[in-house]
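# Structural overview for review
What follows is the residue order along each chain.
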Amino acid sequence: MIKKLQNIINKLYAPGFIIGLILIWQVVCSLELVPGYMLPSPIQVMQAFINEFNVLMGHLMISLSEALLGLGVGILVAFILAVGMDHYRGLHKSLYPLLIISQTVPVIAIAPLLVLWMGYGMAPKVMVIFLVCFFPITISLLDGFREADRDTIRLMKSMGANAKQIFWHIKLPCALPGFLAGLKVSVSYAVIGAVVAEWLGGTAGLGVYMTRVRKSYAFDKMFAVIFLVSLISLVLMKLVSLLDRKIMPYKRIQNKK
Amino acid sequence: MYFKAEHICKSYDGRKIIEDISLELKEGELVSLLGISGIGKTTLFNILSGLEKPDSGHIYLEDKDITGQTGIASYMQQKDLLMPYKTIIDNVSLPLLLKGMSKREAREKASTYFKQFGLEGTKTQYPIQLSGGMRQRAALLRSYLFSSKLMLLDEPFSALDAITKHHIHDWYLEIMKEMRSPTLFITHDIDEAILLSDRIYIMAGNPGRLTKMFTIEGAKISTDDFTTSEVFITYKKEILKAIKEA
C-alpha cells in the first residue's frame, strides 16, 4: 500500500514540475512582465488551440500522413538494406561508408532542391522524412543482426538450419530491441521532418500553418501548433513503447530481475 | 558398430590440434571423453557434429559415411544457448520446427516430454525465469528432440554449482535409463565421467590423442553409494595415473 503510494508520488514529480512552470509563465504574463504581443499567456495559447482546433486537425492529418508514409518507406528500405548488407559482405563494405556520408549531408539544405525537383506536393516531404528516418533504423538493425549470438547460430547450424531459418529464429529477434530503439528516435524525427519540409513550400500541413501564423505575428497560434507537434511526437513515441511491450514480453521480465 | 570415427586429424593454421582419433559407440552407450581444457575436445565435437570437416578421417553412423554432415548428431554445450525471447516450449520445440513440423505439432510433441524431463510448469516461462539446472534440462530436451540417434554433450553441466550438479547427475542417469540415446560426453570432471559413463576415453597430448580407454563396470543404482564406493575410488586412481602418464 505504502509502496503503491510511493509509486504514485514518484510519477507525479515530472507533471508537477511542468504544471509549476506553466503557472509561473501565466503569472509572468498576467503581471505583464513581458509584453503580451511577444509572449502569449498559456490561457491565450489554450484558447487559440480551441478556436483553431478544426483547422489544426486538418493540417495535422496532412503532416501525420506524410510522416507515417516517410517512416513506412524508411522502415522498408532500412530492412531491405540491412538484410542485404548483413547477408552479402561485399554489399556491406560498399554501402556502409556511403550510409555514413549520407548523414553528413544536411537534409535541411537539400530540401529546397527536393521541392524544385519534386514539386509542392507530398513527394518532397515524404522524401525528406525518409532521408532522416531510414538511417537510425538501418544502423540499429545492422548492429542487432551482428549481435546475434555466434554459438547459438552454430547450434542452429548443427541442427541443419538454413540461412532463412537462422534469420527468422535468431537474427531478427536479436535485432528487435535495437530496431524499436531506432524507431523511437525516428518517429519524432519524422514529425519534425514533416514540419520542416512544409516550411519550404506547400499548401497544407502543420509547417505551412506555422509559416502563415508566424508571418501574421499570431504568436498564440504559433505556440499552439508547437505544442501540438511535440504532443504528437510524444504520442507516437508512446505507441512505439507499447509495441515494444507487446512484441517483447520477455524484456519486462528481464528488467524486473 | 553403431557409431564410429576413424583416424580423425585436424589442424588450424598449420598447427595440429587433434591427431589420429578413432572411437566407437555402441547403441545405448554413454562414452566420455576426459581431458584437460584446450586439448581439442571441442574441435573433435565440431567435427563429429559435422560443423567442420576433418583434414583426414571418416565418421560412420550405422555404416553410413556422415563425415561433414550436419543435422544428424545433436550438440549441447556448457552454455544452455536457450533463446531469451522464446518461451521454454518454443525453445525446446525449435529443432522440430527446423525439420519442417508445424508450430502446433512441434509444441504438442515437445509437451509430451516435459514431465519426464522435470520441466512441468515451465512451458510458458522464459529462460531467465528458470534456474541454471532447469535451463540445462530444457537444453537437453531440445537436443534430445533434435536427434536421439547420437547426442554430443560438451561439458553440459560444468557451469552448475556442486549441489545442482549432484542433483542433475541423478536426474540424468534416471532419464538416460529410459532414453538410451547413444551419447558422447565431454568433461574434465573425473568424478562425473566415472559416474555417468559406460566407457571413458582419456584424451591427452599435443596434438590431442586418445591415450587410454576404461570400461566402467559399476552398478549405478544409487549415485551416492557408487561415488563413495571402493570401486569408484580405484577407477579414479587409475584414471588420474593415466592422465599424468600421458
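Residues numbered from 1 in each chain as written. Chains lettered and ligands numbered in written order. Predicted model: local features only at pLDDT ≥ 70, side-chain atom pairs only at ≥ 80, totals over all residues. Heavy atoms only, no water.

Naming follows an unreviewed UniProt entry, where chain B appears as ABC transporter ATP-binding protein of Zhenhengia yiwuensis.

The name an unreviewed UniProt entry assigns to chain A is ABC transporter permease, from the organism Zhenhengia yiwuensis. The heading Sequence similarities (unreviewed entry) in the UniProt record of chain A holds the text "Belongs to the binding-protein-dependent transport system permease family." (UniProt positions renumbered as here; feature names shortened; annotations may be inferred.)

Residues and elements named next belong to chain A. Mapped onto the present numbering, the UniProt feature "transmembrane region" (unreviewed entry) falls at residues 12-38, 58-83, 95-120, 126-145, 166-183, 189-210 and 222-243. Along residues 58-83 the backbone is 100% helical and 0% strand, and the end-to-end C-alpha distance reaches 38 Å. Segment residues 95-120 splits into 85% helix and 0% strand. End C-alpha atoms: 31 Å apart. (Helix = DSSP H or I, 4+ residues; strand = E, 2+ residues; numbered from the N terminus.)

Across the boundary between the two partners, chain A contributes 21 residues, which contact 23 residues of chain B. Both sides together, the interface formed by chain A and chain B hides about 2100 Å², and carbon and sulfur atoms give 67% of it. Applying the counting criterion to the chain A and chain B interface returns six residue pairs in polar contact (both at pLDDT 80 or more). Those elements that place two or more of their residues in the side of chain A that touches chain B are α7 (150-158), α8 (163-199) and α11 (249-256) of chain A. Of all the elements, α7 of chain A adds the most residues to the side of chain A that touches chain B, at seven residues. Of the residues belonging to the side of chain A that touches chain B, the class tally is 10 nonpolar, six polar and five charged. (Contact = heavy atoms within 4.5 Å. Buried area = accessible area lost by both parts, 1.4 Å probe. Polar contact = N/O pair within 3.5 Å; in protein donor to acceptor, adjacent residues only side chain to side chain. Nonpolar A, V, L, I, M, F, W, Y, C, P; charged D, E, K, R; others polar.)

With that settled, the discussion passes to the layout of surface pockets. Residues and elements named next belong to chain A. Of the pockets and cavities examined, the largest pocket occupies roughly 660 Å³. Taken together, 20 residues form the lining of the largest pocket, with Asp86, Arg89, Phe145, Ile153 and Lys171 sitting closest to its centre. At the level of elements, α3 (53-87), α4 (89-104), α6 (122-147), α7 and α8 are the ones that each hand at least two residues to the lining of the largest pocket. The greatest single-element share of the lining of the largest pocket, amounting to five residues, is contributed by α8. The class makeup of the residues in the lining of the largest pocket is nine nonpolar, three polar and eight charged. (1 Å grid on protein atoms, 1.4 Å probe; cavity = no way out; pocket = protein on both sides within 12 Å on 5 of 7 lines; lining within 4 Å. Points joined across faces, edges and corners; volume = space filled by probe spheres on them.)

Turning to the pattern of salt bridges, a few remarks are in order. Residues and elements named next belong to chain B. Under the criterion given, the structure shown has 15 salt bridges over all chains. Residues Arg104 and Glu108 are paired through a salt bridge, measuring 3.2 Å at the closest nitrogen-oxygen approach. In this pair, Arg104 and Glu108 are both assigned in helix α4 (residues 103-111), four residues apart and thus about one turn of the helix distant. When its relative accessible area of 61% is taken as the criterion, Arg104 is described as exposed. Note on Glu108: relative accessible area 47%, which makes it partly exposed. Among the salt bridges present, the one from Lys236 reaches Asp191, with a minimum N-O distance of 2.8 Å. (Salt bridge = Lys/Arg side-chain N within 4 Å of Asp/Glu carboxyl O. Buried < 20%, exposed > 50% of the residue type's maximum accessible area, 1.4 Å probe, protein only.)

On to the domain arrangement of chain A, then. All names here are of chain A. According to the domain assignment, chain A consists of domain 1 (1-33) and domain 2 (40-256). Contact residues are listed per partner, giving four residues for domain 1 and seven residues for domain 2. Between domain 1 and domain 2, a total of about 430 Å² is buried, with carbon and sulfur atoms accounting for 78% of that surface. Considering only the surface of domain 1 that becomes buried against domain 2, Trp25, Gln26 and Cys29 emerge as the three largest contributors, covering 93% of it. At the boundary of domain 1 and domain 2, one finds two residue pairs in polar contact (both at pLDDT 80 or more). Of the residues belonging to the side of domain 1 that touches domain 2, the class tally is three nonpolar, one polar and no charged. (Domains from an automatic or database assignment.)

Residues and elements named next belong to chain A. Looking at where Leu116 falls in the secondary structure, it is placed in helix α5 (residues 107-118). According to the relative accessible area criterion, Leu116 is exposed, its value standing at 70%. Separated by 138 residues in sequence, Leu116 and Gln254 place their C-alpha atoms 51 Å apart.

Residues and elements named next belong to chain B. Sheet architecture is open: four strands sit in the order β2-β1-β4-β5, paired in antiparallel fashion. Of all the strands in the sheet, just β2 (15-25) and β5 (64-65) have a single pairing partner and so form its edges. In terms of strand pairing, strand β4 (residues 56-61) meets β5 through two bridges, oriented antiparallel. Each bridged residue has a counterpart across the sheet, and for Tyr60 the counterpart in β5 is Asp65. Here helix α1 (residues 41-48) sits on the sheet in contact with β1 (3-12), β2 and β4, set at roughly 120° to β1. (Pairing = 2+ DSSP bridges. Axes fitted to C-alpha atoms, helices over the stretch in contact; angles between N-to-C directions.)

This part covers empty space enclosed by the protein. All names here are of chain B. Under the definition given, this model contains one cavity of 30 Å³ or more. Approximately 40 Å³ is the volume found for the largest cavity. If you go around the largest cavity, the residues you meet are Phe117, Leu140, Tyr144, Met151, Tyr172, Ile175, Met176 and Met179. In terms of residue count, the dominant contributor to the lining of the largest cavity is helix α6 (residues 162-179) (four residues). Grouping the amino acids of the lining of the largest cavity by side-chain chemistry returns eight nonpolar, no polar and no charged.

Before going further, it helps to examine a positive patch on the surface. All names here are of chain A. A contiguous patch of positive charge on the surface is contributed by Arg89, Lys93, Arg146, Arg150 and Lys157. Going through the elements one at a time, α4 and α7 are the ones with two or more residues in the positive patch. Within the element layout of this structure, Arg146 appears in helix α6. (Patch = residues over 30% accessible without salt bridge, like charges linked within 9 Å, V, L, I, M, F, W, Y side chains within 5 Å. Areas by Shrake-Rupley, 256 points an atom, 1.4 Å probe, with all protein chains shown as cover. Lys, Arg positive; Asp, Glu negative; His and termini not counted. Charge placed at Lys NZ, Arg CZ, Asp CG, Glu CD.)

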